Amino acid sequence: MALIRIDHVSAAVQQTLPLNLVLPDPARWVRPLSELPVLFLLHGLSEDAGAWLRNTQIEAYAERLGLVVVAPSGGRSFYSDLPTGQAWFRYLTKELPAWLRNTFRLTLDRDRTFIAGSSMGGYGAMKAALLCPEAFAAAASFSGALSMDIVRYNPDDARRAEFSLLFGDLDKLPGSDFDPKVWLREADPSRLPRILVTCGLQDELYPFSQQFVGWAREAGVDVSYHEEPGFHDWFFWNRQLARFLAFALPGRASEVET
């Protein structure tokens, strides 16, 4: 297995970004990278592009499953195209896939491409799945910030100032293009990837996953939901990572402990 850290220039974000890749051992998987499944893993607000590699068993899962893992940087952007001109969502869904195809010859065929994330990364994964459904076969949110009530959840002036830079007028946030409820309402359920939402019962963001699943059902969007005892931490997310891999690759579920 190879673990690769790359710093590359993003025109969409207008800066150099770190990118982490896990590539399975070619001696074991005698197939080109273009034929292997690919998982995009998105980090949370206070993490970075290396967080999934440092805190979970993703390298072991990747080696066992012959899985290419792409762990990009999202800064503190909520993986959104910001009023500042930094287009993080365009980077994630357009620029980065094109760069991976050109650099590593990944095909990123829909039926072998998946996306998941924790907290802010869960928001990003659901946004990508619902707005770019042609790109992914399955998607997951673990303890996701899946409601614009996140603004009321963080009432302090510093966080509100940060959210204002990210989203603009916070009074207009509900019902805007940043609102997961809008993504669900405007989605075509027949075109969407398979979606998994999980959250710990002791997680402070638990109500947001509950809201999202309720909105999905109202919109006719099929969402698999799982909850269990757990907090907003890597102990919980490591378990959910295994759960999602079994969900995304059901024919190989026995190879991943859940």
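Remember, it's a predicted structure, so these values are computed and weren't measured experimentally.

Cut-offs and rules
Residues numbered from 1 in each chain as written. Predicted model: local features only at pLDDT ≥ 70, side-chain atom pairs only at ≥ 80, totals over all residues. Heavy atoms only, no water. Helix = DSSP H or I, 4+ residues; strand = E, 2+ residues; numbered from the N terminus. Rg over C-alpha atoms; globule rule 2.2 N^0.38 Å. Contact = heavy atoms within 4.5 Å. Areas by Shrake-Rupley, 256 points an atom, 1.4 Å probe, with all protein chains shown as cover. Lys, Arg positive; Asp, Glu negative; His and termini not counted. Charge placed at Lys NZ, Arg CZ, Asp CG, Glu CD. 1 Å grid on protein atoms, 1.4 Å probe; cavity = no way out; pocket = protein on both sides within 12 Å on 5 of 7 lines; lining within 4 Å. Points joined across faces, edges and corners; volume = space filled by probe spheres on them. Nonpolar A, V, L, I, M, F, W, Y, C, P; charged D, E, K, R; others polar. Buried < 20%, exposed > 50% of the residue type's maximum accessible area, 1.4 Å probe, protein only. Pairing = 2+ DSSP bridges. Axes fitted to C-alpha atoms, helices over the stretch in contact; angles between N-to-C directions. Parallel < 35°, antiparallel > 145°, perpendicular 65-115°, else oblique. Left-handed = near helix turned anticlockwise from the far one by under 90°.

Comments concerning the overall build of the protein chain
Step number 1: Along its length, the protein chain carries 9 helices and 8 strands.
Step number 2: In terms of overall dimensions, the protein chain is globule-like: its C-alpha atoms have a radius of gyration of 17 Å, near the 18 Å expected for 258 residues.
Step number 3: With respect to the three principal axes, the spread of C-alpha positions in the protein chain is 55 × 40 × 35 Å.
Step number 4: At a minimum sequence separation of 6, the contacts of the protein chain that also span at least 24 residues come to 72%.
Step number 5: Carbon and sulfur atoms make up 51% of the accessible area of the protein chain, which amounts to about 11,000 Å² in all.
Step number 6: When the 25 basic and 31 acidic side-chain charges of the protein chain are each reduced to a single mean position, those positions are 4 Å apart.

Some thoughts on the layout of surface pockets
Step number 1: Here the largest pocket is characterised by a volume of approximately 300 Å³.
Step number 2: Contributions of two or more residues to the lining of the largest pocket are made by α5 (150–153) and α6 (157–167).
Step number 3: The residue inventory of the lining of the largest pocket, partitioned by class, reads 9 nonpolar, 7 polar and 5 charged.

Describing unusual backbone geometry
Step number 1: A positive phi angle is found at Q14, which is not glycine, with a value near 70°.
Step number 2: Its place among the elements puts Q14 in the loop between β1 (2–10) and β2 (15–23).
Step number 3: Positive phi, close to 55°, is recorded for S119, a residue that is not glycine.
Step number 4: Exposure remark for S119: the relative accessible area of 11% places this residue in the buried category.

Brief notes about the sheet that holds strand β5 (residues 113–118)
Step number 1: Spatially, the 8 strands line up as an open sheet ordered β1-β2-β4-β3-β5-β6-β7-β8, and their pairing is mixed. In the strand order of this sheet, the two ends are held by β1 and β8 (223–228), each with one partner. Direction aside, the axes of adjacent strands within the sheet are offset by 20° on average.
Step number 2: Sheet analysis places strand β3 (residues 38–42) next to strand β4 (residues 68–72), joined by 3 bridges and oriented parallel. Each residue of the ladder has a partner; that of L39, found in β4, is V69.
Step number 3: Against the sheet, helix α9 (residues 234–248) contacts β3, β5, β6 (138–142), β7 (194–200) and β8, and its axis sits at roughly 160° relative to β7.

Re the packing of helix α3 (residues 88–104) against helix α4 (residues 120–131)
In a pair of packed helices, the angle between the axes and the distance between the axes together describe the arrangement.
Step number 1: Where α3 meets α4, the axes come as close as 11 Å, and the angle between the chain directions of the two elements is 60°. Here α3 is positioned oblique relative to α4, judged by the angle of their axes. The two elements α3 and α4 cross, and the hand of that crossing is right-handed. Between α3, through F89, L92 and T93, and α4, the contact on the second element is made entirely by K127, A128 and L131.
Step number 2: Per-class residue counts for the contact of α3 with α4 are 4 nonpolar, 1 polar and 1 charged.

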